[in-house]
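So the chains spell out like this:
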Amino acid sequence: MENQAKTALVTGGTRGIGRAIVVQLARTGYNVVFTYNSSDDLAKALCDEFNSSSEKVIGIKADAADFPSAENVISKTLEKFGRIDILVNNAGITKDTLILRMSPDDFDAVINANLKSTFNYTKLAVKAMLNLKWGRIINISSVVGITGNPGQSNYVASKAGVIGFSKSVAKEVATRNITVNVIAPGFIESDMTAKLNEKQKEAITNLIPQKKIGKPEDIAGLVKFLITEDASYITGQVICVDGGMTM
């Protein structure tokens, strides 16, 4: 155990929203452990960005859907920093296709990566938070978990499941000074949106009252607020960050 600064654990931390959250938390002064599945170079670059002066950002390669891997991540985090105050469940994948073409493996893979991973890390982190008598859990869902979306029945099911799961856990731990909230992003700049042509981007922005695609930092900024004492009376909520798309 190196110090008693608050420690955050972020799953899926090397790209897009996850990376923005890691950066936000590290700059705010937290020790940060993030998981990643494949991008060794991106993970190293993210750690190097902060560890030139002090080692407070650590990446651990892990399959978020695998419970023993999650146990290993939690164990290493506690061994290194002695505590877990904040958990952000961000890891997720997509395997989009219409239901008639979707294979059972496609469905299972998305449910496991997006929903079971949230169970894995929440179950394990809650125990550490109970010892501290304090904790903040933030689960990243999606607006499509509320609205549905054709061609994404597996993804939508996983993200809707995250919402229901979070509300249930929020009720279980509410008296223990642990809050559980959900952020539901709309269209956010990512590797996927970067591949869209101008016509596709225009079609998307026409769905958004603010007429613009959000940035990963828009999600990270809300995470920063939800972990503060100013947000201590907010729990079991689903907050859409979507430029007004679902209102």
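Look above for the structure.
Below is a short write-up of the structure. This structure is a prediction, so every number in the text was calculated from the model and none was measured. (Residues numbered from 1 in each chain as written. Predicted model: local features only at pLDDT ≥ 70, side-chain atom pairs only at ≥ 80, totals over all residues. Heavy atoms only, no water.)

A word on the pattern of salt bridges
Thought 1: Under the defined criterion, the tally for this structure stands at 7 salt bridges.
Thought 2: Of the charged contacts, one joins Arg27 and Glu49 as a salt bridge, the two residues approaching to 3.7 Å between their closest N and O atoms. Highlighted residues: Arg27 in helix H1 (residues 16–28) and Glu49 in helix H2 (residues 40–50), separated in sequence by 22 residues.
Thought 3: In this structure, Asp85 engages Arg83 in a salt bridge whose closest nitrogen and oxygen atoms are separated by 2.8 Å. Both residues of the pair, Asp85 and Arg83, count as buried.
Thought 4: Here the salt bridges share partners, and the residues they tie into one network are Arg19, Arg27 and Glu49. (Salt bridge = Lys/Arg side-chain N within 4 Å of Asp/Glu carboxyl O. Helix = DSSP H or I, 4+ residues; strand = E, 2+ residues; numbered from the N terminus. Buried < 20%, exposed > 50% of the residue type's maximum accessible area, 1.4 Å probe, protein only.)

Regarding the nonpolar core
Thought 1: Grouped together as the largest cluster of nonpolar side chains are 33 residues, with contacts concentrated most on Ile21, Leu25, Phe34 and Ile183.
Thought 2: Listed by contribution, the elements that provide at least two residues to this core are strand S1 (7–10), H1, strand S2 (31–36), H2, strand S4 (86–89), strand S5 (135–140) and helix H9 (216–226).
Thought 3: Element by element, the count of residues in this core is highest for H1, at 7 residues.
Thought 4: Leu25 has contacts with Ala8, Val10, Tyr30, Val32, Val223 and Ile227, leaving out every residue within four places of it along the chain.
Thought 5: Core analysis: the next-biggest nonpolar cluster, separate from the first, contains 25 residues, Val33, Ala62, Ala170 and Val173 among them. (Core = buried A, V, L, I, M, F, W, Y, C linked by side-chain atoms within 4.5 Å. Contact = heavy atoms within 4.5 Å.)

A look at the sheet that holds S5
Thought 1: With parallel pairing, the 7 strands of this open sheet are ordered in space as S3-S2-S1-S4-S5-S6-S7. At either end of the open sheet lies a strand with only one pairing partner, and these are strand S3 (57–61) and strand S7 (238–241). The sheet shows a mean angle of 20° between the axes of neighbouring strands, direction not considered.
Thought 2: With 3 bridges joining them, S1 and S4 adopt parallel strand pairing. For Val10, the partnering residue across the bridge sits in S4 and is Val88.
Thought 3: Sheet contacts for H1: S1, S2, S3, S4, S5 and strand S6 (178–185); angle to S1, the most-contacted strand, approximately 175°.
Thought 4: With respect to the sheet, helix H6 (residues 153–173) is in contact with S5, S6 and S7, its orientation differing from that of S6 by roughly 160°. (Pairing = 2+ DSSP bridges. Axes fitted to C-alpha atoms, helices over the stretch in contact; angles between N-to-C directions.)

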